[in-house]
Amino acid sequence: MFFILWWTRMHHYMYRLSIFVTTFRCFRITRKELHTSLHFSVCVSVQDAAKATPQGYNHKKGVSLWTYGGRQIITADKYMDLMEAMQPDWYEALNDADPGIGSSKKRILNSTTSSMEYLKQCITLHKASQKLKGSALFAPLLGGRSEKARNGWSKSLMSTTVDKSAISGYTIVGLHTNGPEVEDLQPVNVSNIVKASLEPLAAELPRQTAGMWNPLTVLQLAHLGVDIFDSTFPFLVTERRGALTFPFRLNRRQNDGAYSKGSCLEHQNKKLKVSEDSPKAKAEEEVPRQDNKIRESEDEELSSPYEINMKNKSNVSLMKPLLEGCECYTCKNFTRAYVHHLTIANELLAPVLLMMHNLHHWMDFFSSIREAIKTDRLEDLQTLITTSVFESNEDITLS
Amino acid sequence: MATATAASLPGASVAAAAAVSSSSSSPALSFRILAECSKSKARTSLMKLPHYAVELPMFMPVGTQGTLKGLLPEQVKGAKAQVILGNTYHLGTRPGKDLFQDFGGLHKFMQWDRALLTDSGGFQMVSLLDLAEITEEGVKFRSPYDGSECMLTPEESIEIQNAIGADIMMQLDDVVDVREKDYERFKTAAYRTTRWLDRCIKANKNPDRQNLFPIIQGGLFPDLRKISLEQQIARDAPGYAIGGLSGGEAKEKFWPTVHLCTDHLPKNKPRYCMGVGFAVDLVVCCALGVDMFDCVFPTRTARFGCALVDNGQINLKARDFANDFRPIDEKCGCSTCRNYSRAYLHTIVTKETVACHLLSLHNVAYQMRLMQSIRDSIKKDCFAEFVEDFMAAYYKDQEYPQWVVDALAAVKITLKK
């Protein structure tokens, strides 16, 4: 399993991490420009995982993309022209992954029919293209939230109707419609549908998925066999001025080290348990999610138990780093008091320093995931995060 | 310093006088002229401050709230900035002087290990706050946070600046809008500024490591300027600032005032003209003998998508740049110009915050490179030629503004047509 960054707007201290189709001016950008100063691979997805994709704008003519200049409808032809201009290391085929929660069977059928059309067109154009000789094509895995539809789609990818020689990997789409709300999806919400998508597929091709997956859901997806993730989570945490603090280092012995349970975890906005009798708890019973994250009211700051919010006044004179023991540039050089000051003063340096920390933390998290898989300790990692972050005694197992 | 034997030699006293008048030394600042222009009043010098040895003339980018438009300290150093400016009004409001006292100053707080300069807070108050009223005691204003009545006195300003810990602090001055017509107001301000200077000097707890610069006032009235100059110079400060300008006055009135001040200010001390940042103004003021400058212009214009170049600025939002794959400036060595094209910047400008960082970095680097060119040309005694070339590149068809021609002529530099 490996973690690759998706780059946009290349800069040493990059801010947003997904390249997506924006304007037709992309035509003129050469491969050299795209890869300047990069030491990483570049891949392209259709939509921006950090922004909620408006529903209902895809139809037979093409897929809607929201560019700086407004909405544009992209056909497979146009999409492949853009891919040739960008010449990424890999990209996903154009797809209509529209159906959100509660989509009708008909809607799902329309989306799979269109997407199969696009896939075939992309494969044809990809194979014929000189400029894309160095690029790899990934096929989407979709079918809304229907296990049956997803399983059926994946089977059709393995059948003779699709030219498998052109496919180098898979992107799991349609589990959500992008944006910050993906954070609320818990392992239990995605487990069965992802299994349904992956089960028919060849094991040797990489699988990736984008979105603001929270750390526990990431672990679940990794457990199910997903290889590539993106950085929407650290990015959106930065946008709300959060600094990630969740632990992820598995020690030889559970009780020692800077990352043992209870240390360096201050969640000023933490409100973990709603009492069983409260109206809110009852209302949330309908929604299939564990009650381990609560959205604050609109007046308060959005946060999660995985982070501390730098807007919080408790930071005002703290001389310690964002996270004790963290080796990132921000933690080695600056204090919580300074980052808090920058945040309150609305200064541009606040998100720069926070993104450096959050991305560093996220990358280290993935090192830990890889190590845990190698040593068959993925469940221990999951327990570490669950017990530290949620102080819960429930037995949550990877299903 | 002349000894008895040296003084008896012919010409020695002149040489001794010359040696003395080209350098000065205070507890927290030492200054030495390295070279002078043989035509104009331009000179290049070395000013040693507690945190950094600064080459003059130099330009200070403004890092208002203890940060420079999203740039990391090492990026600002990479752009060759030597001194940056912090605003006492903003920093005194938040995080406030108590935090600085606990933290040991702004250098540590923002991780800037070169020199810092703080202004007094007076100008911000007068320009930002609706109900600021100047009394003999200080500047009376209403707190923007809770509406209560507050007072910024010379003592309070110095107390905040002491806590911030900058290498150079500015006195709290009675600054009048330069477009004010009332002569008496300027007269009051000139005398009051000196009274406030004395209070500031008394209040400075760290004269051994923090310099306090007086500010020359007097509006655009030569007689008032002379009074202010005489009074302020008598306080024997480590350096002096020319204040009350760059407030929208006509350039024809601006340069003679600067010229008058630099004629009277001691040669062997640094002169700081506050609020000057446009390239042409910097070049002219150096010719007039100014050593230090500050301005929000380079970082502010970056926010609007403008990049500084040798003949002004280019607005990268313009469609012309959509297919322009050159860097902003082929001669520039900043990391923006080494890595990104105008076309790339055009696609992101005003849409992605990273554009602001990239342009701020370039603009700061541009200003630093301009000042370096000025210093180098003075060292080689070809500053006059540098000025001529610079103006010819800046003004197409040599349509020089009259004020530029006049100002340079006053110091024996002729712009050819």
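What you are looking at is a predicted structure, and each value in this text was computed from that prediction instead of being measured. (Residues numbered from 1 in each chain as written. Chains lettered and ligands numbered in written order. Predicted model: local features only at pLDDT ≥ 70, side-chain atom pairs only at ≥ 80, totals over all residues. Heavy atoms only, no water.)

(A) Representation of the overall build of chain B. Each helix and strand in chain B was counted, giving 18 helices and 18 strands. Since a compact globule built from 417 residues should have a radius of gyration of about 22 Å, the 22 Å found for chain B is in line with a globular shape. Dimensions along the principal axes, computed over C-alpha positions, put chain B at roughly 65 × 65 × 40 Å. Looking at chain B as a whole, 58% of its 417 residues qualify as buried. Across chain B, contacts joining residues at least 24 apart in sequence account for 65% of those joining residues at least 6 apart. When the accessible surface of chain B is summed, it comes to about 16800 Å², and 52% of that surface belongs to carbon and sulfur atoms. (Helix = DSSP H or I, 4+ residues; strand = E, 2+ residues; numbered from the N terminus. Rg over C-alpha atoms; globule rule 2.2 N^0.38 Å. Buried < 20%, exposed > 50% of the residue type's maximum accessible area, 1.4 Å probe, protein only. Contact = heavy atoms within 4.5 Å. Areas by Shrake-Rupley, 256 points an atom, 1.4 Å probe, with all protein chains shown as cover.)

(B) View of the confidence of the model for chain B. Model confidence for chain B is summarised by a mean pLDDT of 92, while 94% of its residues fall at 70 or above. For this predicted complex, the interface confidence comes out at an ipTM of 0.91, alongside a pTM of 0.86. (pLDDT = per-residue confidence, 0-100.)

(C) Representation of the nonpolar core. Counting residues in each nonpolar core, the largest one holds 124 residues, and the members touching the most others are F293(B), F383(B) and M391(B). The residues that make up this core include at least three from each of domain 1 (58-295) and domain 2 (301-381) of chain B. With 75 residues, the next largest nonpolar core counts C122(A), L137(A), M355(A) and F366(A) among its residues. (Core = buried A, V, L, I, M, F, W, Y, C linked by side-chain atoms within 4.5 Å. Domains from an automatic or database assignment.)

(D) Structural view of the pattern of salt bridges. Residue and element names in this part refer to chain B. Within this structure, the stated rule accounts for 29 salt bridges over all chains. Between E136 and R192 there is a salt bridge, with its nearest N and O atoms 2.8 Å apart. Residue E136 is located in the loop between β8 (133-134) and β9 (139-142), and its partner R192 is located in helix α9 (residues 183-203); the two are separated by 56 residues in the primary sequence. Under the relative-accessibility criterion, E136 is labelled partly exposed at 33%. One salt bridge connects E155 with R199, and the closest N-O pair in it is separated by 2.9 Å. On the criterion of sequence distance, the pair formed by E155 in helix α8 (residues 154-164) and R199 in helix α9 is long-range, its members being 44 residues apart. Shared partners join several salt bridges into a network, and the residues in it are E136, D174, R185, R192 and R195. (Salt bridge = Lys/Arg side-chain N within 4 Å of Asp/Glu carboxyl O.)

(E) Structural detail: the side chain of T67(B). On the secondary structure map, T67(B) appears in the loop between β5 (58-61) and α3 (73-78). The class of T67(B) is buried, set by a relative accessible area of 4%.

(F) Geometry of the interface of chain B and chain A. With 36 residues of chain B at the interface, the matching set in chain A holds 33 residues. Taking both partners together, chain B and chain A bury about 3300 Å²; carbon and sulfur atoms supply 61% of that area. On the chain B side of the contact with chain A, L72(B), F103(B) and F109(B) bury the most area, a combined 16% of that side's loss. Taken together, the connections running from chain B to chain A amount to zero salt bridges. (Buried area = accessible area lost by both parts, 1.4 Å probe.)

(G) Local environment of the packing of aromatic side chains. All names here are of chain B. Tallied over the full model, the rule gives 28 aromatic pairs over all chains. Ring centres of F278 and F297 lie 4.4 Å apart, and the angle between their planes is 70°; on these two criteria the pair is classed as edge-to-face. Of this pair, F278 sits in the loop between β15 (271-273) and α12 (279-287) while F297 sits in helix α13 (residues 297-303); the two residues are 19 residues apart in sequence, bridging distant segments of the chain. Given a relative accessible area of 16%, F297 falls into the buried group. On the numbers, 6.1 Å between centres and 90° between planes, the contact of Y395 with Y400 is edge-to-face. Accessibility expressed as a relative area gives 16% for Y395, which makes it buried. On the basis of relative accessibility, which here comes to 7%, the residue Y400 falls in the buried class. (Phe/Tyr/Trp six-rings, centres within 6.5 Å; stacked < 30°, edge-to-face > 60°.)

(H) Structural view of the sheet that holds strand β7 (residues 115-118) of chain B. Residues and elements named next belong to chain B. One open sheet holds the four strands; their spatial order is β6-β7-β11-β12, and the pairing between them is parallel. Of all the strands in the sheet, the pair left with one neighbour each is β6 (83-86) and β12 (211-213). Neighbour-to-neighbour, the strand axes of the sheet open up by a mean angle of 25°, direction not taken into account. Across four bridges, the pairing between β6 and β7 is parallel. (Pairing = 2+ DSSP bridges. Axes fitted to C-alpha atoms, helices over the stretch in contact; angles between N-to-C directions.)

(I) Local environment of the packing of α12(B) against helix α16 (residues 353-379) of chain B. All names here are of chain B. Viewed as axis vectors pointing N to C, α12 and α16 meet at an angle of 25°, and their least axial separation amounts to 11 Å. Here α12 is positioned roughly parallel relative to α16, judged by the angle of their axes. The interaxial crossing formed by α12 with α16 has right-handed handedness. In this structure, α12 contributes A279, L282, V283 and C286 to the contact, and α16 contributes Y366, Q367, L370, M371 and I374. For the contact of α12 with α16, the residue count by class is eight nonpolar, one polar and no charged. (Parallel < 35°, antiparallel > 145°, perpendicular 65-115°, else oblique. Left-handed = near helix turned anticlockwise from the far one by under 90°. Nonpolar A, V, L, I, M, F, W, Y, C, P; charged D, E, K, R; others polar.)

(J) Summary view of the domain arrangement of chain B. All names here are of chain B. By domain assignment, chain B separates into domain 1 (58-295) and domain 2 (301-381). Once you take the C-alpha centre of each, domain 1 and domain 2 turn out to be 28 Å apart. Contacts between the two partners involve 18 residues from domain 1 and, on the opposite side, 13 residues from domain 2. Interface of domain 1 and domain 2: buried area, both sides summed, is about 1300 Å²; carbon and sulfur atoms make up 75% of it. Where domain 1 touches domain 2, the interface holds zero salt bridges. Scanning the region where domain 1 abuts domain 2 turns up one residue pair in polar contact (both at pLDDT 80 or more). Mapped by element, the contributors of at least two residues to the side of domain 1 that touches domain 2 are β5 and α12. Examining the composition of the side of domain 1 that touches domain 2, we find that four residues originate from one element, α12, more than from any other. Here the residues of the side of domain 1 that touches domain 2 are counted per class, giving 12 nonpolar, four polar and two charged. (Polar contact = N/O pair within 3.5 Å; in protein donor to acceptor, adjacent residues only side chain to side chain.)

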